[in-house]
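Structural overview for review
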Amino acid sequence: MIKKVLVANRGEIAIRVMRSCREMGIQSVAVFSEADRTSMHVRYADEAYCIGPAPSNESYLVIDKIIEAAKESKADAIHPGYGFLSENAEFSDRCKKEGILFIGPSSYAIKTMGDKITARKTMQHANVPVVPGTTEPIKDLDKAVQVIRKIGLPVMIKASAGGGGKGMRLVAKEEDILAAVSSSKSEAKAAFGDDSVYIEKYINSPHHIEFQILADNHGNCIHLFERECSVQRRHQKVIEETPSPIMTPEVREEMGKHAVAAAKAVNYSGAGTIEFIVDDNLNYYFLEMNTRLQVEHPITERVVQVDLVKEQIKIVNNEPLNLKQEDLSQNGHAIECRIYAEDPENNFMPNPGLIKHITEPLGLGVRHDGYVYKGYEIPMYYDPLISKLIVWAPTREETIDRMKRALYAYKIIGVKTSIPFLNRIMDVPSFRQGRYNTHFIQDNEEFLLNEEKPSQKLKDIASIAAFFSYLKKIEKHQSPVNLNGASKWKVFGRKKSLERL
Ligand code: MV4
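Residues numbered from 1 in each chain as written. Predicted model: local features only at pLDDT ≥ 70, side-chain atom pairs only at ≥ 80, totals over all residues. Heavy atoms only, no water.

1. Overview of the overall build of the protein chain
Put simply, the rule is: Only DSSP runs of H or I covering at least 4 residues are called helices, and only runs of E covering at least 2 are called strands; the numbering of each starts at the N terminus. To sort residues, take the accessible area from a 1.4 Å probe on protein chains only and compare it with the maximum for the residue type: under 20% means buried, over 50% means exposed, and anything in between is partly exposed. Under the convention used here, a 1.4 Å probe and the Shrake-Rupley method define accessible areas, while residue burial counts only the protein chains that appear. In this tally, Lys and Arg are treated as positive and Asp and Glu as negative; His is ignored, and so are the chain termini. The atom standing in for a charge is NZ when the residue is Lys, CZ when it is Arg, CG when it is Asp and CD when it is Glu.
Within the protein chain one finds 19 helices and 20 strands. The buried share of the protein chain, taken over its 501 residues, is 54%. Carbon together with sulfur atoms contributes 50% to the accessible area of the protein chain, which is approximately 22,900 Å² in total. Computed over 67 positive and 66 negative side-chain charges, the separation of the two mean positions in the protein chain equals 6 Å.

2. Describing the sheet that holds strand S4 (residues 77-79)
Defined as follows: In this scheme, strands are said to pair when DSSP sees at least two bridges between them. What makes two residues a contact is simply this: any of their non-hydrogen atoms within 4.5 Å. Axes here refer to lines fitted to C-alpha atoms; in helices the fit is confined to the stretch in contact. Angles between the N-to-C directions go from 0 to 180 degrees.
Taken in spatial order, the five strands line up as S3-S2-S1-S4-S5 in an open sheet, and their pairing is parallel. The sheet terminates laterally at strand S3 (47-50) and strand S5 (101-102), the two strands that pair on one side only. Alignment of S4 against S5, held across two bridges, turns out to be parallel. Each residue of the ladder has a partner; that of Ala 77, found in S5, is Leu 101. Helix H3 (residues 63-73) contacts strand S1 (4-7), strand S2 (27-32), S3 and S4 of the sheet and is inclined by roughly 155 degrees relative to S1.

3. Some words on the pattern of salt bridges
Our working definition: When a carboxyl oxygen of Asp or Glu lies within 4 Å of a side-chain nitrogen of Lys or Arg, that pair is called a salt bridge.
One pass over the structure, following the stated rule, counts 33 salt bridges. Ionic pairing is found between Arg 16 and Asp 307, a salt bridge with its closest N-O pair at 2.8 Å. One end of the pair, Arg 16, is in helix H1 (residues 11-23); the other, Asp 307, is in the loop between helix H10 (297-304) and helix H11 (308-316), with 291 residues separating them in the sequence. With relative accessibility at 4%, the residue Arg 16 sits in the buried group. The network of salt bridges with shared partners includes Glu 210, Arg 227, Lys 237, Glu 240, Glu 296, Glu 336 and Arg 338.

4. Here's the deal with the pairing of strand S19 (residues 385-393)
Two faces belong to every sheet, and in a regular strand the side chains alternate between them. Of all the nine residues making up S19, nine are buried; the element is thus mostly covered by neighbouring parts of the structure. Summarising the sheet, strand S18 (residues 366-370) and S19 pair through five bridges and their orientation is antiparallel. Bridge assignment links Asp 369 to a residue of S19, and that residue is Lys 388.

5. Structural notes on the side chain of Thr 399
What counts, and what does not: Here a polar contact means two N or O atoms within 3.5 Å. Within protein one must be a hydrogen donor candidate and the other an acceptor candidate, and residues neighboring in sequence count only if both atoms are side-chain atoms.
Structurally, the position occupied by Thr 399 is in helix H12 (residues 396-409). With relative accessibility at 0%, the residue Thr 399 sits in the buried group. There is a polar contact of 2.7 Å between the side chain of Thr 399 and the backbone oxygen of Thr 395.

6. Details of the packing of H3 against helix H4 (residues 89-97)
Formally: Throughout this description, any angle smaller than 35 degrees is read as roughly parallel, any larger than 145 degrees as roughly antiparallel, any in the 65 to 115 degree range as roughly perpendicular, and the remainder as oblique. Each crossing gets its hand from how the near helix is turned against the far one by less than a right angle, where anticlockwise is left-handed and clockwise is right-handed.
Where H3 contacts H4, the two axes come as close as 11 Å, and the packing angle between them is 30 degrees. Here H3 lies roughly parallel to H4, going by the angle between them. With respect to the hand of their crossing, H3 and H4 are arranged in right-handed fashion. Residues Ile 63, Asp 64, Ile 66 and Ile 67 of H3 touch H4, and the partners they reach there are Glu 90, Phe 91, Arg 94 and Cys 95.

7. Describing the packing of aromatic side chains
For the record, the criterion: Only Phe, Tyr and Trp rings are paired, with Trp represented by its six-membered ring, and only when their centres lie within 6.5 Å; those with planes under 30 degrees apart are stacked, over 60 edge-to-face, the remainder tilted. Consider the ring centre and the ring normal. A charge sits over the ring if Lys NZ or Arg CZ is within 6 Å of that centre and within 35 degrees of that normal.
Evaluated as defined, the whole model comprises 13 aromatic pairs. Through successive ring pairs, a cluster of aromatic residues spans Tyr 60, Phe 84, Tyr 381 and Tyr 382. Over the ring of Tyr 44 we find Arg 22; its NZ or CZ atom is 5.2 Å from the centre of that ring. One Lys or Arg, Arg 43, reaches over the ring of Tyr 373 and ends 4.2 Å from the middle of that ring.

8. What about the site of the ligand?
Our working rule: Proximity is defined per residue: if any heavy atom of the residue lies within 4 Å of a molecule or strand, that residue is considered near it. All residues other than Ala, Val, Leu, Ile, Met, Phe, Trp, Tyr, Cys, Pro, Asp, Glu, Lys and Arg, Gly among them, are scored as polar; the first ten of these are nonpolar and the last four charged. Here the bounds of each domain stem from an automatic or database domain assignment.
Surrounding the ligand, one finds 18 residues, the nearest of these being Lys 158, Glu 200, Lys 201, Ile 203 and Thr 438. A distance of 2.8 Å separates a nitrogen atom of the ligand from a polar side-chain atom of Lys 158. Within the backbone of Ile 203, a nitrogen or oxygen atom sits 2.9 Å from a nitrogen atom of the ligand. When contributions to the shell around the ligand are tallied by element, the ones reaching two or more residues are strand S6 (155-159), strand S8 (197-201) and strand S13 (284-290). A per-class count over the shell around the ligand returns eight nonpolar, six polar and four charged. Mapped onto the domain boundaries, the shell around the ligand takes at least three residues apiece from domain 2 (132-201) and domain 3 (204-331).

9. Considerations on the environment of Gly 133
Topologically, Gly 133 is positioned in the loop between helix H6 (116-125) and helix H7 (141-151). Classification of Gly 133 as partly exposed rests on a relative accessible area of 31%. Each C-alpha atom of the pair Gly 133 and Arg 405 lies 45 Å from the other, and the pair is 272 residues apart in sequence. Not counting chain neighbours up to four residues away, the residues in contact with Gly 133 comprise Arg 120, Ile 151, Ile 199 and Glu 200.

10. Considering the sheet that holds S13
A sheet is described by the order of its strands in space; here eight strands give the open sequence S13-S12-S9-S10-S11-S14-S19-S18, paired in antiparallel fashion. Only two strands of the sheet have a single partner each, and these edge strands are S13 and S18. For this sheet, the mean inter-axis angle between neighbouring strands, taken without regard to orientation, is 25 degrees. Looking at chain direction, strand S11 (residues 236-242) and strand S14 (residues 333-340) are connected through four bridges and run antiparallel. Of the residues in S14, the one forming a bridge with Glu 241 is Ile 335. Of the strands in this sheet, S11, S14, S18 and S19 are in contact with H12, which crosses S19 at around 140 degrees.

11. A few points about the side chain of His 357
Relative to the helices and strands, His 357 resides in strand S17 (residues 357-359). A polar contact is formed between the side chain of His 357 and the side chain of Thr 359, at a distance of 2.6 Å.

12. A closer look at unusual backbone geometry
Across the chain, the bulk of peptide bonds are trans and the bulk of non-glycine residues have phi less than zero. Cis peptide bonds are those with omega within 30 degrees of zero, and the linkage from Leu 153 to Pro 154 qualifies with -5 degrees. Mapping Pro 154 onto the fold places it in the loop between H7 and S6. With omega at -5 degrees, the peptide bond leading from Thr 242 into Pro 243 counts as cis. In the Ramachandran plot, Phe 225 falls in the positive-phi region, its phi being about 65 degrees despite a non-glycine side chain. Relative to the assigned elements, Phe 225 resides in strand S10 (residues 221-233). Its relative accessible area of 10% is what places Phe 225 among the buried residues.

What follows is the structure, encoded as structure tokens:
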């Protein structure tokens, strides 16, 4: 039985994992870089170890340092979160060798799914639909041209070691094949040290729909339905929702079965995600598998009512899943907005810095997974994700209205954020109607980048400034208003009294 978990991560996900540990009576251990001494995950944990300088390749990515901290703290298990070492086969193996439980799949599953050509082959064997194309690396150009003639243009050239769009090339004309293959190869070689590339038929304007799965060590595997992740910018997800507005019960059931088959094909253990690209006719194809807990997991947790981190821990404890496929259902609707410290008006440049003020959204149906606090300085070394705003309501329409309410209430001063941009997405008619695909942001760029009316922003700043000057006045026992016996708070909340300030 796991009694202590080391969380090999930082930011919101480290705290997210520790929350579940705390509920399970499990001690949590934080690791942190020198840039993260004042990070909230360090405060939240029961104990914490510094693992080196700020750059992640000298701290969060150094296997030896993480293992050393685990041994020093006598942790039974390591949760890798997402990013960093979460999909590192060597790390999964090393934990095993050191007698520490890795809260994730085997190195075999990570390796098989990490190599996209091997993954495609494995999926074909398991009768999971893959995009028409090759299942061997392209050896010579003549062969490539032959294959492409058979599949038909346009095609995608993709790097086997890639994923997430790296090394990917679209080929529309036969004379462009050579240039695409060689540039894809050299990009893959430079990025991954592996220049194997393969060919896929191009799916025009696809949806990205992924299925959450859970598999235990006793042969049980279930899916927890889909997440629609088509609102992306440069292969970075911006908004996710579940259920997908384009899904039908029949396709959902079929895709769910294929997702389970995909996981079983690699003897999967733990929480994982099967990504599909889906065309407008709901033809779907396996794209890749993410062998980790994902950023967007909370929307599934809310709608299916399962704590995925607790399930991960129970699975590593060798407990059989006590969730049954037929007992699971999707309850209402959930949307997640990723809040980044970035400037949408300046090409989404990261905008790290000091949080001078933060008011987090609260209220019915709102979950806020974050880690920053007033006075915290977001370091420049890591992903600029500030938090995730997850909103639930019985229907999609109400969820969008509630998201707008929560985005309205969310005030951050000190760094530029994606909040105004997200707010505008909620107003795009095709988003409201649930009629969008992976081209959504590109197609609506002009509307989305139109600056928010300054009046609302100024109103926010003015009201916050007024509030703080008021607080200062009460600190000095100088009541600024004639209260006539009424509660100061009640009076302050009224416009009339404000005018008398
Ligand atoms: C594709 C595709 C169209 N056809 N493959 C982008 C990232 C990587 N995960 C795979 N990607 C795509 N692969 C074929 N055969 C279009 C994309 C794609 C995309 C996929 C999912 C989410 C957003 C996307 C944005 C642009 C292109």
